[in-house]
Amino acid sequence: FEGRGTVKDTDAGVAWLKAAHDMGQDVDAAHDLALVYEYGRNGVQNDVFAAADWFKKAANAGHIEAMAELGLCYELGCGVEQSDTDALDWYMKAANLGHTTSKFSVAEAFEEARGVPQSDEEACLWYYKAAIEGDHDSKMALRRLEEIARIVVPGVRAILYV
């Protein structure tokens, strides 16, 4: 994308990332290309469908951040057909691999009954998992659900008012 000297070659940049993924099995290249399409970076036209496709390739290959991004694509119906179930599936995969923001998203799904039966108890457990990793929004949610959280997660108050 930077080119040589002052000449930039957008097509070559895209081609190199595609080749790195397709021939070199470079999962980071797939994620990087998804971001290029999502945000219209480096002179590439914004394309949410291409972004979702590349997030899916990276997610299927185990890229945790791509799993979270793909979950968001499904949640919002951005580049894919909207599906709370698919969103939760990808968030859950990323959360189980340690992705903090996905833990928050899983909690929200349980609290709001998006793709799963409503469960404030399960939401509190997931909010807690994200909160102990420093996620501010999860701490706020636990404060809001404090009467349930203090029963489901004994000692939760110790992280809420630090």
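For the structure itself, look to the data block above.
Description of the structure in this document. (Residues numbered from 1 in each chain as written. Predicted model: local features only at pLDDT ≥ 70, side-chain atom pairs only at ≥ 80, totals over all residues. Heavy atoms only, no water.)

To continue, consider the packing of aromatic side chains. Enumeration according to the criterion identifies 1 aromatic pair in this entry. Pairing Phe104 with Tyr127 gives two aromatic rings, centres 5.6 Å apart and planes at 50 degrees, and the pair type is tilted. Residue Phe104 is located in helix 6 (residues 100–112), and its partner Tyr127 is located in helix 7 (residues 120–131); the two are separated by 23 residues in the primary sequence. Residue Tyr127 is classed as buried on the basis of its relative accessible area, which comes to 1%. (Phe/Tyr/Trp six-rings, centres within 6.5 Å; stacked < 30°, edge-to-face > 60°. Helix = DSSP H or I, 4+ residues; strand = E, 2+ residues; numbered from the N terminus. Buried < 20%, exposed > 50% of the residue type's maximum accessible area, 1.4 Å probe, protein only.)

Now for the nonpolar core. Within the largest apolar cluster, 49 residues are counted, with the highest numbers of intra-cluster contacts made by Tyr37, Phe55, Tyr127 and Leu142. Excluding residues within four positions of it along the chain, Leu142 makes contact with Cys124, Tyr127, Tyr128, Ala131, Ala149, Val156, Ile159 and Leu160. (Core = buried A, V, L, I, M, F, W, Y, C linked by side-chain atoms within 4.5 Å. Contact = heavy atoms within 4.5 Å.)

Direction vectors running N to C along helix 4 (residues 64–76) and helix 5 (residues 84–96) enclose 160 degrees, while the axes themselves pass 8 Å from each other. Taken together, the axes of helix 4 and helix 5 lie roughly antiparallel to each other. Here helix 4 and helix 5 pass one another in a crossing that is left-handed. The segment helix 4 lies against helix 5, with Ile64, Met67, Ala68, Leu70, Gly71, Leu72, Tyr74 and Glu75 engaging Asp86, Ala87, Trp90, Tyr91, Lys93 and Ala94. Across the contact of helix 4 with helix 5, the residue classes tally to 10 nonpolar, 1 polar and 3 charged. (Axes fitted to C-alpha atoms, helices over the stretch in contact; angles between N-to-C directions. Parallel < 35°, antiparallel > 145°, perpendicular 65-115°, else oblique. Left-handed = near helix turned anticlockwise from the far one by under 90°. Nonpolar A, V, L, I, M, F, W, Y, C, P; charged D, E, K, R; others polar.)

The next subject is unusual backbone geometry. Notably, Gln25 is not glycine yet its phi reads approximately 55 degrees, a positive angle. By the secondary structure assignment, Gln25 is in the loop between helix 1 (10–22) and helix 2 (27–39). Its relative accessible area of 60% is what places Gln25 among the exposed residues. Of note, Asn42 is a non-glycine position whose phi angle comes to about 55 degrees, a positive value. Following the sequence through the fold, Asn42 ends up in the loop between helix 2 and helix 3 (48–60).

With 12 residues, helix 7 extends 16 Å from end C-alpha to end C-alpha; this agrees with the ideal 16 Å at 1.5 Å per step. All of the buried residues in helix 7 are Asp120, Ala123, Cys124, Trp126, Tyr127, Ala130 and Ala131. The inward-facing, buried residues of helix 7 contact helix 5, helix 6, helix 8 (136–144), helix 9 (146–152) and helix 10 (157–160). (Expected span 1.5 Å × (residues − 1).)

Before going further, it helps to examine the pattern of salt bridges. Per the counting criterion, the structure on display carries 9 salt bridges. For the salt bridge of Arg114 with Glu112, the shortest nitrogen-to-oxygen distance reads 2.7 Å. Taking relative accessible area as the criterion, Arg114 reaches 17% and is therefore assigned buried. Beyond isolated ion pairs, a larger network of salt bridges with shared partners links Glu75, Glu108, Glu112 and Arg114. (Salt bridge = Lys/Arg side-chain N within 4 Å of Asp/Glu carboxyl O.)

Don't take any of this as a statement about function, it's just geometry.
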